[in-house]
Amino acid sequence: TLTYDTLRFSDTPDFPETAEPVWILGKKYSALTEKEELLNDVTSRLWFTYRRNFPAIGGTGPTSDTGWGCMLRCGQMIFAQALICRHIGREWRWDKKGATGEYLRILTAFLDKKDSYYSIHQIAQMGVGEGKYIGQWYGPNTVAQVLSCDSGPLCNGYAGAPDSHRLWKPLVLLIPLRLGLSEINEAYIETLKHCFMLPQSLGVIGGRPNSAHYFIGYVGDELIYLDPHTTQPAVEPSDGTYIQDDSFHCQHPPCRMHVSEIDPSIAVGFICNSEEDFDDWCQHIRKVSTTLSSKT
């Protein structure tokens, strides 16, 4: 049955044929000569949307997050990207054969049920501690705070030897920012774009007022994003070793919006897998700060 949610993507324009470089989570592409690779990269990102008919949150709460869970889904997307970078690598690409191995373990952690570590059930209930009742709309700052409360086993070396003996553990940085009052201040636009160019980039969660998006890159003055505003049935694994995962990957051209349309309240994400990564990130940030200071 076609609904507004599914029909809306039929109006999504194809990716523009432009000589402008395209940046996706720290990777640079040419839309003219690397379009297939570009779209494959976008499709490989985990895409979390509204779902319906999942077990009631808290036992008696909502069985769908349509209308209120978009920022929570964006939080799931940015955190899932961190786990992919941590355990599989930024170069990993979806092969459309279903979820298996390490990728299966990551995806399972986000399924819509109470015992999944990063399910909407867990995030919504942890949000209560941040003053948000279940079913209330979140902003990017609240989602960043909730995700920082409990990193869970997937961030703590679940797939291998414990990290406790190491001096450095993989670091996920979620930095809430406000880049203006009611609209984004133009002075911050170039800096925001630069965040997508850093190799440690996890993207940005934000959107328009009361409508959240997961921003993964930019081209020219347009931000590229994954949109959680489509409702799909909840997915149950057929057994413990396989998940039909087509609905967790956005298989149409990515959505775009002019950077001036973004709400000024955002959270920017980065991952530093090693101390060298962190040092490199610090150098990039200092360079950006110095460049901006020289222009003002």
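The preceding data block contains the structure.
Below is a summary of the structure that appears in this document. Just so it is clear, the structure is predicted and the values come from calculations on it, not from any experiment.

With respect to the overall build of the chain
Inference 1: Within the chain, the regular secondary structure consists of eight helices and ten strands.
Inference 2: A buried classification covers 50% of the 296 residues belonging to the chain.
Inference 3: The contacts in the chain between residues at least 6 apart in sequence include a share of 71% that link residues at least 24 apart.
Inference 4: When the accessible surface of the chain is summed, it comes to about 13,800 Å², and 51% of that surface belongs to carbon and sulfur atoms.

So, the packing of helix 3 (residues 70–87) against helix 5 (residues 120–127)
Inference 1: The N-to-C vectors of helix 3 and helix 5 enclose an angle of 115 degrees; their axes lie 10 Å apart at closest approach. Handedness of the helix 3/helix 5 crossing: right-handed. Along the contact surface, helix 3 presents L72, R73 and Q76, while helix 5 presents I120, I123 and A124.

Description of the packing of helix 3 against helix 6 (residues 140–149)
When two helices pack together, you describe them by how their axes are tilted relative to each other and by the distance separating the axes.
Inference 1: One way to put it is that helix 3 packs onto helix 6 with a least axis distance of 10 Å and a crossing angle of 50 degrees. With respect to each other, helix 3 and helix 6 are oriented oblique. The crossing of helix 3 and helix 6 is right-handed. Residue-level contacts link M71, L72, G75 and F79 of helix 3 to P140, V143 and L147 of helix 6.
Inference 2: Residues that form the contact of helix 3 with helix 6 fall into these classes: six nonpolar, one polar and no charged.

Quick notes on the pattern of salt bridges
Inference 1: As enumerated under the stated definition, the model contains eleven salt bridges in all.
Inference 2: Among the ionic pairs, D65 bridges to R73, the shortest N-O distance being 2.9 Å.
Inference 3: Residue R73 is classed as buried on the basis of its relative accessible area, which comes to 1%.
Inference 4: A network of salt bridges, in which partner residues are shared, links D41, R45, R90 and R93.

Some words on the environment of P21
Inference 1: Mapped onto the secondary structure, P21 falls in strand 1 (residues 21–24).
Inference 2: The sequence separation of P21 and V219 amounts to 198 residues, and the corresponding C-alpha distance is 6.3 Å.
Inference 3: Residues within four places of P21 in sequence aside, it is in contact with K28, Y29, Y218, V219 and G220.

A closer look at the pairing of strand 9 (residues 255–258)
On a regular strand, each side chain points to the face opposite its neighbour's, so the side chains alternate between the two faces of the sheet.
Inference 1: Only one face of strand 9 is buried: it carries C255 and M257, and the other face, with R256 and H258, is open.
Inference 2: Here strand 7 (residues 222–226) runs beside strand 9; their pairing, made up of four bridges, is antiparallel. Note on strand 9: the bridge partner recorded for I224 is R256.

Brief notes about the packing of aromatic side chains
Inference 1: Counted according to the given criterion, the structure contains eleven aromatic pairs.
Inference 2: Ring geometry for W168 against F278: centres 5.6 Å apart, planes inclined by 40 degrees, an arrangement best described as tilted. Placement of W168 in the loop between helix 6 and strand 4 (171–178) and of F278 in helix 8 (residues 275–295) is noted, with a sequence separation of 110 residues between them.
Inference 3: W168 gets classed as partly exposed once you look at its relative accessible area, which sits at 23%.

A few points about the side chain of S44
Inference 1: Residue position: S44 is located in helix 2 (residues 35–44).
Inference 2: S44 sits in the buried class, given a relative accessible area of 0%.
Inference 3: Not counting residues up to four positions away in its chain, the partners in contact with S44 are W92, R93, W94 and H249.

Some remarks on helix 4 (residues 101–108)
Inference 1: Inspection of helix 4 places Y103, L104, I106 and L107 among the buried residues, and these make up the whole buried set. Around the axis of helix 4, the buried residues are gathered within 165 degrees of arc, so they sit on the same side.
Inference 2: Where the residues of helix 4 are buried, they touch helix 3.

Conventions we followed
Residues numbered from 1 in each chain as written. Predicted model: local features only at pLDDT ≥ 70, side-chain atom pairs only at ≥ 80, totals over all residues. Heavy atoms only, no water. Helix = DSSP H or I, 4+ residues; strand = E, 2+ residues; numbered from the N terminus. Buried < 20%, exposed > 50% of the residue type's maximum accessible area, 1.4 Å probe, protein only. Contact = heavy atoms within 4.5 Å. Areas by Shrake-Rupley, 256 points an atom, 1.4 Å probe, with all protein chains shown as cover. Axes fitted to C-alpha atoms, helices over the stretch in contact; angles between N-to-C directions. Left-handed = near helix turned anticlockwise from the far one by under 90°. Parallel < 35°, antiparallel > 145°, perpendicular 65-115°, else oblique. Nonpolar A, V, L, I, M, F, W, Y, C, P; charged D, E, K, R; others polar. Salt bridge = Lys/Arg side-chain N within 4 Å of Asp/Glu carboxyl O. Pairing = 2+ DSSP bridges. Phe/Tyr/Trp six-rings, centres within 6.5 Å; stacked < 30°, edge-to-face > 60°. Arc of directions from axis to C-beta.

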